[in-house]
Amino acid sequence: MSTDIFVLAQRANQMEKSPGFQRCDVESEADRELAFHFDSATSAHVFQAARGVLNMQARISDRAQNIVIVKHP
């Protein structure tokens, strides 16, 4: 059974230590996407690149360059 997406967001808020990380919100419950907010576009791009190496679906948001959308299985 998959972990609830809201639980994943809460865990990210407690555990994420990436430079510039501000908060994590649920972007889409149906698509199981989280929005990771950063203090700058540079911090967001570094986070996105690291997630790509881990084979996670991560993309910069269309609405802001400092938000990374991560899809969880």
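The model shown is predicted, which means the values in this text are computed figures rather than measured ones. (Residues numbered from 1 in each chain as written. Predicted model: local features only at pLDDT ≥ 70, side-chain atom pairs only at ≥ 80, totals over all residues. Heavy atoms only, no water.)

This part takes up the sheet that holds strand β3 (residues 57–60). Taken in spatial order, the four strands of this open sheet run β1-β2-β4-β3, and their pairing is antiparallel. Bordering the open sheet on either side are β1 (21–28) and β3, each of which pairs with just one other strand. Across this sheet, the average inter-strand angle for adjacent strands is 25°, counted without regard to direction. Judged from the six bridges that link them, β1 and strand β2 (residues 33–38) form a sheet pairing that is antiparallel. (Pairing = 2+ DSSP bridges. Helix = DSSP H or I, 4+ residues; strand = E, 2+ residues; numbered from the N terminus. Axes fitted to C-alpha atoms, helices over the stretch in contact; angles between N-to-C directions.)

In a soluble, globular protein the nonpolar side chains are often hidden away together inside. Of all hydrophobic cores here, the largest spans 15 residues; its most connected members are Cys24, Leu34, Phe36, Phe38, Phe47, Val68 and Val70. For this core, the secondary-structure elements that each account for two or more residues are α1 (5–15), β1, β2, α2 (41–53), β3 and β4 (67–71). Ranked by residue count, the leading element in this core is α1, at four residues. With sequence-adjacent residues up to four places away left out, Phe36 is seen in contact with Ala12, Glu16, Phe21, Arg23, Cys24, Phe47, Asn66, Ile67, Val68 and Val70. (Core = buried A, V, L, I, M, F, W, Y, C linked by side-chain atoms within 4.5 Å. Buried < 20%, exposed > 50% of the residue type's maximum accessible area, 1.4 Å probe, protein only. Contact = heavy atoms within 4.5 Å.)

Following the criterion strictly, the structure yields four aromatic pairs and no others. Taking the centre distance of 6.1 Å and the plane angle of 55° together, the rings of Phe21 and Phe36 count as tilted. Pair noted here: Phe21 is in strand β1 and Phe36 is in strand β2, with a separation of 15 residues, a long-range link. For the pair Phe36 and Phe47, a centre-to-centre distance of 4.8 Å together with 35° between the ring planes defines the contact as tilted. (Phe/Tyr/Trp six-rings, centres within 6.5 Å; stacked < 30°, edge-to-face > 60°.)

Looking now at the pairing of β4. Consecutive residues of a regular strand have side chains that alternate between opposite faces of the sheet. Where burial is concerned, most of β4 is hidden: four out of the five residues are buried. One ladder, built from five bridges, connects β2 with β4; its direction is antiparallel. Looking at the pairing, Glu33 lines up with Lys71 of β4. The pairing of β3 with β4 spans four bridges and is classified as antiparallel. Counterpart to Ile60 in the pairing with β4 is Val68. Between the antiparallel neighbours β3 and β4 lie six residues.

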